[in-house]
Amino acid sequence: MASISIKNMNISYNKGKSYVLKDMNLEIKDGEFCVFLGPSGCGKSTAMYSVAGLLHPTQGEIYFGDTLMTAVNEKGKDKVFIPPQERNIAMVFQEYALYPNMTVRKNLSFALETKKAPKAEIEKRVTAMSKMLGLDELLDRKPAQLSGGQRQRVALGRALVRDPQVFLLDEPLGNLDAKLRDQVRYELKKIQTQLGITTVYVTHDQTEAMTMADHIVLLNGGNIMQEGTPDDLYNRPNCMFVASFVGTPQINMINCKVEKGPNGLLFVSPEMILDVPSDIEESVNNYVGREVVLGLRPSELLMVPDGKGQINGDVESVEPLGDGFIVYFNVNGKMIVSKIAGGNTKIGNKLSVNIEPGKMHVFDAQTEKRIN
Ligand code: ADP
Ligand code: MG
């Protein structure tokens, strides 16, 4: 097992004209489940491939534990470059290819046999891995006789049976349908925890990141926007991009001006006026007369009796979730989304909500950075 350190890593193409990753610094702890999250094209796979040794960075260093895997000199030439097959990594991609003519057992054991591991050891590892992944019954089948989810589990098993020090996955669940994705996600997380193997998992899907990660690295345009636990990113997004990318339905963003009212500070937008709560008054005080953006998460708007809330509007659309509703309501022309657990509402009703105390996210409208 190993920690992973990335130091001052740059990756650019066209002689430095287009940067894919800019001065990336990252510490992934030993045994951690780290997710590289971000929109398509932000550099997630590029970052992962450089950890794998499939890519040579333009600048920077990568360590596994204390061992230097990649180091580039000032001229952009390799000082150190351990090839992928010597990094003791395992990789799983969306387009995983099992060996079609081999049984599940053979698919699992093949890499160990190539490495000339002792027979008893191979047997032991294959048995343990197939038990862990629920593949015992399937060992004599060929890939064509398996469902998509079973095949994906074989792909995971085949990668993990080699006991790698680092496990790298690039959008591995993309081909599975929603139900299977939930199931494999759960199993993957369970196995990763049991094995305690340092894992880097690439996805554009914030739900996958939120449910599996110990550590999320949210990238955009080759920059790390924020890293931290799922809780950090959800509850303390450091900028508007992070606030919008994490959480579903998306956070409501309301452009306001901070004004002094008779009883304290106010957020004033064309559609609504809200009191600035006392716990954030101090940070908002610097913004009197200036524009801010107020972020309100749909699940942090709590339904209250009609007309009694801080925000009041007319319900325009209701999406039942089974255990609640997503309600779109019109507040003087601004559409606000709320996720309501209990209660009942329908199109044409009035809706009143209060903002859960301590849950206002306030951003500088110019810099888009968090201010509270
Ligand atoms: P992600 O995995 O986040 O979707 P990638 O890491 O695959 O994104 O790619 C990041 C960016 O780098 C993209 O804009 C892509 O077009 C660019 N890129 C990747 N490989 C090359 C290359 N060989 N030459 C030039 N640009 C590249
Ligand atoms: Mg990718």
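Residues numbered from 1 in each chain as written. Chains lettered and ligands numbered in written order. Predicted model: local features only at pLDDT ≥ 70, side-chain atom pairs only at ≥ 80, totals over all residues. Heavy atoms only, no water.

### A short note on the overall build of the chain
When its secondary structure is counted, the chain shows nine helices and 21 strands. With the C-alpha coordinates aligned to their principal axes, the bounding extent of the chain is approximately 80 × 55 × 35 Å. Put simply, the chain has 372 residues, and 48% of those count as buried. Sequence separation of at least 24 residues holds for 64% of the intrachain contacts in the chain that already meet a minimum separation of 6. Counting every atom, the chain has about 17900 Å² of accessible surface; 49% of that belongs to carbon and sulfur. (Helix = DSSP H or I, 4+ residues; strand = E, 2+ residues; numbered from the N terminus. Buried < 20%, exposed > 50% of the residue type's maximum accessible area, 1.4 Å probe, protein only. Contact = heavy atoms within 4.5 Å. Areas by Shrake-Rupley, 256 points an atom, 1.4 Å probe, with all protein chains shown as cover.)

### Examining the sheet that holds strand β11 (residues 223-228)
Strands sit in the order β7-β8-β9-β3-β10-β11 across an open sheet of six strands; the sheet is mixed. At either end of the open sheet lies a strand with only one pairing partner, and these are β7 (89-93) and β11. Ignoring which end each strand starts from, the neighbouring axes of this sheet average 15° apart. Sheet analysis places strand β8 (residues 166-170) next to strand β9 (residues 198-203), joined by five bridges and oriented parallel. Considered in β9, the bridge of Leu-169 is made with Tyr-201. Across the face of the sheet, helix α1 (residues 44-52) comes into contact with β3 (33-37), β7, β8, β9 and β10 (215-220) while running at roughly 150° to β8. (Pairing = 2+ DSSP bridges. Axes fitted to C-alpha atoms, helices over the stretch in contact; angles between N-to-C directions.)

### Quick notes on the nonpolar core
Ranked by internal contacts, the top residues of the largest apolar core, which has 44 residues, are Leu-37, Phe-167 and Tyr-201. If one sorts the elements of this core by residue count, helix α4 (residues 148-160) sits on top with five residues. Ignoring anything within four residues of it in the chain, the contact list for Tyr-201 reads Phe-33, Cys-34, Val-35, Phe-36, Leu-169, Pro-172, Leu-173, Leu-188, Glu-208 and Met-212. Ranked by size, the runner-up nonpolar core spans 29 residues in total, among them Phe-267, Val-276, Val-362 and Ile-371. (Core = buried A, V, L, I, M, F, W, Y, C linked by side-chain atoms within 4.5 Å.)

### Side note on the site of ligand 1
Every residue near ligand 1 is listed here: Tyr-13, Val-20, Pro-39, Ser-40, Gly-41, Cys-42, Gly-43, Lys-44, Ser-45 and Thr-46. Within the side chain of Lys-44, a nitrogen or oxygen atom sits 2.9 Å from an oxygen atom of ligand 1. Between ligand 1 and Thr-46, the relevant distance is 2.5 Å, taken from an oxygen atom to a side-chain nitrogen or oxygen of the residue. Burial of ligand 1 by the surrounding chains reaches 55%, relative to a free accessible area of 570 Å². With three residues, α1 is the single largest residue contributor to the shell around ligand 1. Tallied by class, residues from the shell around ligand 1 come to four nonpolar, five polar and one charged. (Near = heavy atom within 4 Å. Polar contact = N/O pair within 3.5 Å; in protein donor to acceptor, adjacent residues only side chain to side chain. Nonpolar A, V, L, I, M, F, W, Y, C, P; charged D, E, K, R; others polar.)

### Quick notes on the packing of helix α2 (residues 104-114) against helix α3 (residues 119-132)
In contact at an axis separation of 10 Å, α2 and α3 are set at 135° when each is read in the N-to-C sense. By the angle between their axes, α2 is oblique relative to α3. Crossing of α2 against α3: the hand is right-handed. Counted together, Arg-105, Leu-108, Ser-109, Leu-112 and Glu-113 of α2 and Ile-122, Arg-125, Val-126 and Ser-130 of α3 form the full contact between these two elements. Class assignment of the residues belonging to the contact of α2 with α3 gives a composition of four nonpolar, two polar and three charged. (Parallel < 35°, antiparallel > 145°, perpendicular 65-115°, else oblique. Left-handed = near helix turned anticlockwise from the far one by under 90°.)

### Side note on α2
Of the residues making up α2, those classed as buried are Val-104, Asn-107, Leu-108, Ser-109 and Leu-112. At its buried positions, α2 is contacted by α3 and α4.

### Here we look at the sheet that holds strand β18 (residues 325-331)
Judged by pairing direction, the sheet is antiparallel, and its five strands sit side by side in the order β16-β20-β17-β18-β19 without closing on themselves. Lying at the two open borders of the sheet, with one neighbouring strand each, are β16 (301-304) and β19 (334-340). The mean angle between the axes of side-by-side strands here comes to 45°, regardless of whether they run parallel or antiparallel.

### A few points about the packing of aromatic side chains
Under the definition given, this model contains four aromatic pairs. Judged by centre distance (6.2 Å) and plane angle (65°), the ring pair of Tyr-49 and Phe-93 falls under edge-to-face. One end of the pair, Tyr-49, is in helix α1; the other, Phe-93, is in strand β7, and 44 residues separate them in sequence. Residue Tyr-49 is classed as partly exposed on the basis of its relative accessible area of 26%. Centre to centre, the rings of Phe-241 and Phe-245 are 5.6 Å apart; their planes meet at 25°, and the pair counts as stacked. Of the two residues, Phe-241 and Phe-245 are both situated in helix α8 (residues 240-245); the distance of four residues between them amounts to about one turn of the helix. In this structure, Arg-158 packs its charged tip against the face of Tyr-99, placed 5.1 Å from the ring centre. (Phe/Tyr/Trp six-rings, centres within 6.5 Å; stacked < 30°, edge-to-face > 60°. Lys NZ or Arg CZ within 6 Å of the ring centre and 35° of its normal.)

### Structural notes on α4
For α4, with 13 residues, the first-to-last C-alpha span of 18 Å sits near the 18 Å given by 1.5 Å per residue. Residues of α4 that are buried: Gly-149, Gln-150, Gln-152, Arg-153, Val-154, Ala-155, Leu-156, Gly-157, Arg-158, Ala-159 and Leu-160. Looking at the buried residues of α4, the elements they touch are β7, α2, α3, β8 and α5 (178-195). (Expected span 1.5 Å × (residues − 1).)

### Some words on the domain arrangement of the chain
Each domain of the chain was delimited in the assignment, giving domain 1 (4-244) and domain 2 (249-364). On a C-alpha basis, the centroid separation for the pair domain 1 and domain 2 is 39 Å. Contact with domain 1, which involves nine residues of that partner, is made by 10 residues of domain 2. Summing the contributions of domain 1 and of domain 2, the shared interface buries around 790 Å²; its carbon and sulfur component is 56%. Where domain 1 meets domain 2, there are zero salt bridges. Summed over the shared surface of domain 1 and domain 2, the result is three residue pairs in polar contact (both at pLDDT 80 or more). When residues of the side of domain 1 that touches domain 2 are traced back to their parent elements, those giving at least two are α7 (230-235) and α8. By residue class, the composition of the side of domain 1 that touches domain 2 is six nonpolar, three polar and no charged. (Domains from an automatic or database assignment. Buried area = accessible area lost by both parts, 1.4 Å probe. Salt bridge = Lys/Arg side-chain N within 4 Å of Asp/Glu carboxyl O.)

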